[in-house]
Structure formats: structure tokens, C-alpha cells
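Secondary and tertiary structure notes
What follows is the residue order along each chain.
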Amino acid sequence: MLTKRIIPCFDVDRGRVVKGVSFVDLRDAGDPVGLARAYDRDGADELVFLDITASHEERESTYQMIAETADQVFIPLTVGGGVRAPGDMRRMLEHGADKVGVNTAAVERPALIEEGARRFGSQCIVVSIDAKRTSARGEPPRWRVYTHGGRRETERDAIEWAREATERGSGELLVTSMDSDGHQTGYDLELLREVAGVVGVPVIASGGAGEPEHLYRALTEGGADAVLAASIFHFGRYDVATLKRYLAARGVAVRPIVDAAAAAEREVPGA
Amino acid sequence: MLSPRIDPRGPDLTSEVVVVDYDAGNLRSVRRALEHAGARAIVSDDPGVVAGARALVLPGVGAAADTMAKLRQRGLVEPLLEVIASGRPFLGVCMGMQALFELSEEGGEHPCLGVLPGRVVRFETGAPVPHMGWNTLDVVSAHPLLAGIPSGAHVYFVHSYYPVPGDPAIVVAETEYGERFASVVARGNVLATQFHPEKSGRTGLRIYENFVTLARSATGTAAGGAAR
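Note that this is a predicted model, so its numbers are computed, not measured.

Next up on the list: the overall build of chain B. Assigned secondary structure in chain B consists of six helices and 14 strands. The buried share of chain B, reckoned over its 228 residues, is 57%. Counted over contacts in chain B with a minimum sequence separation of 6, partners at least 24 positions apart contribute 70%. Put simply, chain B shows about 8,200 Å² of open surface, and 52% of that area lies on carbon and sulfur atoms.

This is the structure in C-alpha cells:
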């Protein structure tokens, strides 16, 4: 049975994790490889790195970081941030990313999605949508797409954009509610339901996770296939293993923290 | 035990597992996973290097027609078939599995390598496509490639199409996603997984270890007679 995924997200600046956690046993919490390994051990199903490096020249450190992480952590890695052209996608994939997140550049030039999907396959292209509610209370809900890290409003309707992005070849959508993001009061379930209702690709919920219950609701009522979270981990209140145990106890199929092959190895003395 | 530590005096696998490069994405992860498993792998698109490999891995992401076109452009079809026909260990991963079958329905009907009987079809169950994420293996026929990996182990899938083998006897493991499909197949020296072992954590690394073990024993047998 296909399991629901828990995906920790890190912000990375010049190859260093700037918003990460505090794993007590890590000597250097800014070290992407160390963090990735810790999350992998803890049962994370994928990892997302959001590159916030301002200058294009300093991107080299990001590529290096992707390579070092991919060399040691054998779970899927998605890297987003500053992707403008198929060449940027190629460099990330060549350095070991499995998927590339695109946001602003895709909104400005939607053909980028087709170009990426054609060259690298739809499964590599994750369109990331920052959505903010524009409807007044009592009205049918509507969301507007924002770009430039949420700083710039566009004319696009988020649900329409979700549909168009998948028609153009996005293999997955990362949907962030700007209203919920950072508040730890729960994902925007209505937004998730609307998006999941119009697209045929997996939807990753993002923005608002503060309690295990929030993940549960996004994956059930919200219809999301995966949950992305940052602060819930970064403040050290919950770890992936705890969240997985919680979800499993509530009947959500998740990949066990210690999977069958590793468990079988432990049972065989000397193996 | 089964764990494949390289004996310095044993068969030398240095650079002998060749990962076929046809511009298909995650070659780096495949090579690293093989190295992790004790082999020294090289990535190559040189037809001569591919033809001379002691063991081959054909990885892959992307579309079938594109994959076949790139393999042809680079002159890799003949060397691949040569390695397979010679009995040397071969592992196809994801698109590298699908390419082994006769025909893919992805974007029309495209002839593939035709090493295994059957065709590749799209998921039509209403569930989200691509089938993306961690799903379980149901082992239907024991095989050394899955040594140490019980039914119920989770592995990472990303695909919209899947092969329907013409010969059910080649199915080693199945996975359920709206319908049951063959997620691992094997016939003789030809092994293939629809999921990505290089992205499947500990379970996936074990599969590469098993492949390297198989490659070593095959190489050892071959090297026993004629020195290369």
C-alpha cells in the first residue's frame, strides 16, 4: 500500500542550513549532510532543500551541498529556489537532486514546466504554489498566487494555476498556504481539498503544521499525499519518528521508521 | 555471511559495474549506491565500455520513446543486448526496467529492447499519477536479488507506466497501486525493479548489495576459466 510521506524542509544559504533543527547530538546544526542523515535515520521519507542564496555566483556552494548529501543519504531529495531555466534544473539533477522545485519562474514563464518535463520527465518537476486567501468571510473560498517568496501578488487564481501547472507537466505540487505558514495552527484544509480535487498528481501540503493532529488532518480531510514541515521539527518539539507513530496509531499508512529489511537484518545474528 | 565485503584477493570488481549513461538523471545516486554496496562503479556512455562490462546497470527516468532514442543515438542498444545475451548480470531500474520489454504505450506505441516479453502500460485506476512514494513489496517468488528483504518492505516508486510481463514466471515481486503490478522481475541474468533502490534507504542498498554479490559470483565463475 502506498504510504503517506513526511517531508522535512530546510532553508539553505550558501550551502549551509539556516533554518534547521536542533538535533541535540549534532555538533553542527548548519551542516546539511549531518541533518539529512539524522532525518533519514529518524524515518523522513524525503527531504526538501529550499535554496535562499541571494547571489547567483554563490550557487556553486548549493550544488556542492546537494552532491554531498545525495552521496550519503539514499532517500529522495528535492531542491528548489532560484530555478530560472532548464539549465538550472539540469545542474541540480546532475548534482544528485531527484526533483526540482519551481515557483516564481514558472508563474512568469509557464513554458518552463513543459521544457523541464520534456527534458527530465514530469516526475522531476515539482511546481511550488504560494497561495493566499483573497475571499472575504462567507464568500466561496478563493486564493491568489504569490511569487518571489510570497512578496509579490499575481493575478493568478491558485486553483487554476494548480490545474494549468499539472497540465503542463508538473509531476507533483507543493502547496503552501501563506495564511497558515509559520503560525503552527494547521494546514489550510480547504485549499488542499480544492487543489487535490482538480489535479491528478500527488499534492504535498505545506504551511501551518504545529501539532501531529495537523498532519493527520491534511493527509485525511485535506486529501494530501504528503506533508512538508519545517517549524514543527525545528523547534524540537516533535521528531519524525514520533509523528509517524502518531499517524500510524490513527490509521494512516506510513513507512515504518525501521523498515522490514533492516528489521530482518537485526533478527539474524551475525548478519 | 551474505554481506558483500570485497576480498582483496577475490574477484576484482573494480570499475566493473558499469552504469549506462544515456542522459537519464540520477546516475550519481546509482553509482554511489553501488559503491556503498562494495563495488566500484563507473558511469559511461561509451559503447565499448558498456559492451565490456562485467555487470551492467541501466538506470532511468523520463519517457520511453526518449530513452530508446537516446540509447540508439549513442550506439548503446547493441552493446546492451550483447551483455545481456552473454549472460552477464544486468539490472534495469525504473525506465531501465520498462525498456527491457517489447513495447511501451507511453506517448503512442514505441518498440523497446524486447529482451522480456510484455508491454508497458499506464495506470488507469483514478489514483494520482505518477505513482509516487514509498510502497510495499509482495514477494511472490524468492530470488537472490531480494535476499534479506521480506514482503512488506517499503521501496520508493516514481512512475506513471508499468510493465505487464507476457510471462508470469518472471515476476519476483508485486506491488499494489489500484491494481497489482510487477515491481521486480528476473529471468536468468536479467533483473529489474520498477522502483528506485538507490532512493529506497536501507532496503534499496541491500538490493544493490545483493546485485553486487550476484555480479561477483558470476564474474568469479567466468574468471575461473579464461583469464580476461
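From this point, things continue past the structure.
Turning to the confidence of the model for chain A, a few remarks are in order. Per-residue pLDDT for chain A has a mean of 89; in total, 90% of the residues score no lower than 70. Across chain A, element-level confidence peaks in helix α6 (residues 158-167) of chain A with a mean pLDDT of 98 and bottoms out in helix α11 (residues 260-267) of chain A with 61.

Counting residues in hydrophobic clusters, the biggest one holds 75 residues, and the most contacted among them are A:Leu47, A:Val127, A:Ile129, A:Leu173, A:Tyr187, A:Val195 and A:Leu215. With five residues, the top contributor of residues to this core is α6(A). Ranked by size, the runner-up nonpolar core spans 40 residues in total, among them B:Ala41, B:Leu137, B:Tyr177 and B:Leu191.

Residue and element names in this part refer to chain B. Taken as a whole, this structure holds nine aromatic pairs over all chains when the rule is applied. Ring centres 5.4 Å apart and planes at 85° place the aromatic pair Phe-123 and Tyr-177 in the edge-to-face group. Remark: Tyr-177 occurs in strand β12 (residues 171-177) and Phe-123 occurs in the loop between β7 (118-122) and β8 (131-136); sequence separation between them is 54 residues. On the basis of relative accessible area, Phe-123 is assigned to the buried category, the value being 2%.

Procedures and definitions
- Residues numbered from 1 in each chain as written.
- Chains lettered and ligands numbered in written order.
- Predicted model: local features only at pLDDT ≥ 70, side-chain atom pairs only at ≥ 80, totals over all residues.
- Heavy atoms only, no water.
- Helix = DSSP H or I, 4+ residues; strand = E, 2+ residues; numbered from the N terminus.
- Buried < 20%, exposed > 50% of the residue type's maximum accessible area, 1.4 Å probe, protein only.
- Contact = heavy atoms within 4.5 Å.
- Areas by Shrake-Rupley, 256 points an atom, 1.4 Å probe, with all protein chains shown as cover.
- pLDDT = per-residue confidence, 0-100.
- Core = buried A, V, L, I, M, F, W, Y, C linked by side-chain atoms within 4.5 Å.
- Phe/Tyr/Trp six-rings, centres within 6.5 Å; stacked < 30°, edge-to-face > 60°.

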